Amino acid sequence: MDAVGDDELLALLEDEYARAIIAELTTGPMSVSELCAACEMSDPTAYRRLDRLEAADLVAERQAVDPDGHHYKRYVATVEDVTVTFADGTCDVAVTRSSKDPADRFTDLFEGLS
């Protein structure tokens, strides 16, 4: 993991709100208000976790346009799998990124709604 070290990544994933956000984002892009409702958390809690998840490259922010032409942020998961392996006296953390670029998945979803 380039953005954060293994210990920082594991500490982040220990947080129930961070895990809930990633889990919800595996269903599709969501706004902060949608995440707050789905994960039963406040806006400040969601924004703090999203900032940390973005820094760890586990989620990404995308701009969306509503039918009225207004722009707003939606978030997508960029991770599919996190594996912790203990062997030969070491602990290794491996992150598997989504096979398709989040921007491409978001575009596919948006075009599907049109």
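The structure we're discussing is the one just above.
What comes next concerns the included structure. Along each chain, residues carry numbers from 1 onward, in the same order as the chain's sequence is written. Only residues with pLDDT of 70 or above have their local features reported here, since the model is predicted, and side-chain atom pairs are shown and tallied only from 80 upward, although totals for entire chains, interfaces and linings are computed over all residues. The side-chain figures draw on all heavy atoms in the structure; neither hydrogens nor water molecules are used.

Considering helix α3 (residues 32–39)
Because an α-helix packs 3.6 residues into every turn, residues spaced three or four apart end up facing the same way.
So, point 1. Buried within α3 are the following residues: Val32, Leu35, Cys36 and Cys39. In an axial view of α3, the angular spread of the buried residues amounts to 100 degrees, which keeps them on one side of the axis. Across α3 from its buried face, at more than 90 degrees, point the exposed residues Ser33 and Ala37.
So, point 2. Residue contacts are counted whenever heavy atoms from the two residues lie within 4.5 Å of one another. To qualify as a helix, a DSSP run of H or I must reach at least 4 residues; to qualify as a strand, a run of E must reach at least 2; elements of each kind are numbered from the N terminus. Where α3 is buried, its residues contact α2 (16–25), α4 (43–55) and β2 (71–77).
So, point 3. One or two steps after α3, the chain reaches Glu40, where phi turns positive at roughly 50 degrees. When a residue's accessible area, from a 1.4 Å probe over protein chains only, is under 20% of the maximum for its type it is buried; when over 50% it is exposed; and in between it is partly exposed. Directions pointing from the helix axis toward each C-beta atom define the arc.

Side note on the nonpolar core
So, point 1. Remark: nonpolar core denotes a set of buried residues (Ala, Val, Leu, Ile, Met, Phe, Trp, Tyr, Cys) joined through side-chain atoms within 4.5 Å. With 24 residues, the main nonpolar core has Ile21, Ile22, Leu25, Leu50, Leu53 and Leu58 as its most contacted residues.
So, point 2. For this core, the secondary structure elements donating two or more residues are α1 (6–14), α2, α3, α4 and β2.
So, point 3. Beyond its immediate stretch of four places on either side in the chain, Ile22 contacts Leu13, Leu53, Leu58, Val59, Ala77 and Val79.

So, the packing of α1 against α2
So, point 1. In contact at an axis separation of 5 Å, α1 and α2 are set at 85 degrees when each is read in the N-to-C sense. The angle between the axes of α1 and α2 places the two elements in the roughly perpendicular class. Residues Leu12, Leu13 and Glu14 of α1 lie in contact with α2, whose contacting residues are Glu16, Ala18, Arg19 and Ile22.
So, point 2. Each residue gets one label: Ala, Val, Leu, Ile, Met, Phe, Trp, Tyr, Cys and Pro are nonpolar, Asp, Glu, Lys and Arg are charged, and the others, such as Gly, are polar. Here the residues of the contact of α1 with α2 sort into 4 nonpolar, no polar and 3 charged. An axis is simply a line fitted to the C-alpha atoms; with a helix, the fit covers only the stretch in contact. Between two such axes, the angle follows the N-to-C directions and lies from 0 to 180 degrees. Any angle from 65 to 115 degrees is called roughly perpendicular, while one under 35 is roughly parallel, one over 145 is roughly antiparallel, and all others are oblique.

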